[in-house]
Amino acid sequence: MNFYIGNTIEDLKINDRNVEFSDDLLEYLNKNKRIFGLEEFVLQEIDPYDDTVIDNSELQQWLSMCDSIVSSNILEQYEDLDETRSVEELIVLINEALNNNLNLIVIGD
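Residues numbered from 1 in each chain as written. Predicted model: local features only at pLDDT ≥ 70, side-chain atom pairs only at ≥ 80, totals over all residues. Heavy atoms only, no water.

Caption draft 1: Local environment of the packing of aromatic side chains. Taken as a whole and assessed by the stated rule, the structure comprises three aromatic pairs. Measuring from centroid to centroid gives 6.0 Å for F3 and W62, while their planes differ by 65 degrees, and the two rings are edge-to-face. Separated by 59 residues along the polypeptide, F3 in strand β1 (residues 2–6) and W62 in helix α2 (residues 59–71) bring together distant segments of the chain. The exposure classification of F3 matches that of W62, with both residues buried. Geometrically, the ring pair formed by Y28 and Y78 is tilted, given 4.9 Å between the ring centres and 55 degrees between the ring planes. In this pair, Y28 is assigned in helix α1 (residues 23–31) and Y78 in the loop between α2 and α3 (81–99), connecting sequence segments 50 residues apart. Under the relative-accessibility criterion, Y28 is labelled buried at 15%. (Phe/Tyr/Trp six-rings, centres within 6.5 Å; stacked < 30°, edge-to-face > 60°. Helix = DSSP H or I, 4+ residues; strand = E, 2+ residues; numbered from the N terminus. Buried < 20%, exposed > 50% of the residue type's maximum accessible area, 1.4 Å probe, protein only.)

Caption draft 2: The pairing of strand β4 (residues 103–107), seen in detail. Most of β4 is tucked away, with five of its five residues classed as buried. Pairing between β1 and β4: five bridges, direction antiparallel. Looking across to β4, one finds that Y4 is bridged to I105. In the sheet, strand β3 (residues 52–54) pairs with β4 via three bridges, with the strands oriented antiparallel. The residue bridging V53 from the neighbouring strand is I105, located in β4. (Pairing = 2+ DSSP bridges.)

Caption draft 3: The arrangement of α2 in detail. With 13 residues, α2 extends 18 Å between its outermost C-alpha atoms, agreeing within 8% with the 18 Å of an ideal straight helix rising 1.5 Å per residue. Where α2 is concerned, the buried positions are L59, W62, L63, M65, C66, S68 and I69. For α2, the elements touching its buried residues are β1, α1, β3, α3 and β4. N73 sits one or two positions beyond α2 and adopts a positive phi of about 65 degrees. (Expected span 1.5 Å × (residues − 1). Contact = heavy atoms within 4.5 Å.)

Caption draft 4: Focus on α1. Inspection of α1 places L25, L26, Y28 and L29 among the buried residues, and these make up the whole buried set. Projected down its long axis, α1 shows its buried positions confined to an angular sector of 165 degrees, all on one face. Across α1 from its buried face, at more than 90 degrees, point the exposed residues E27 and K31. On its buried side, α1 packs onto α2 and α3. (Arc of directions from axis to C-beta.)

Encoded structure:
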């Protein structure tokens, strides 16, 4: 799945800057979600095969989730360290969306 920032799915250009999460990374994060100590693991609420708009008002929760993932050090145990950079790249994208009052748009596989 790919994360973009914007207002709507219709306004999105596929060549816009985005962050990709592989299916393997998503599965790994979902499998280890108890380690993050979050009441709600918002990533599991997204259908990886569908397109979704995450409203700007929900982005602080997403930012907290990403920060928890990074601070847990669970990514150090993941087999492909290049893929783990996606979480940090998503943090940058979320901050940009917050600063520009935009939404996070998820395009599924």
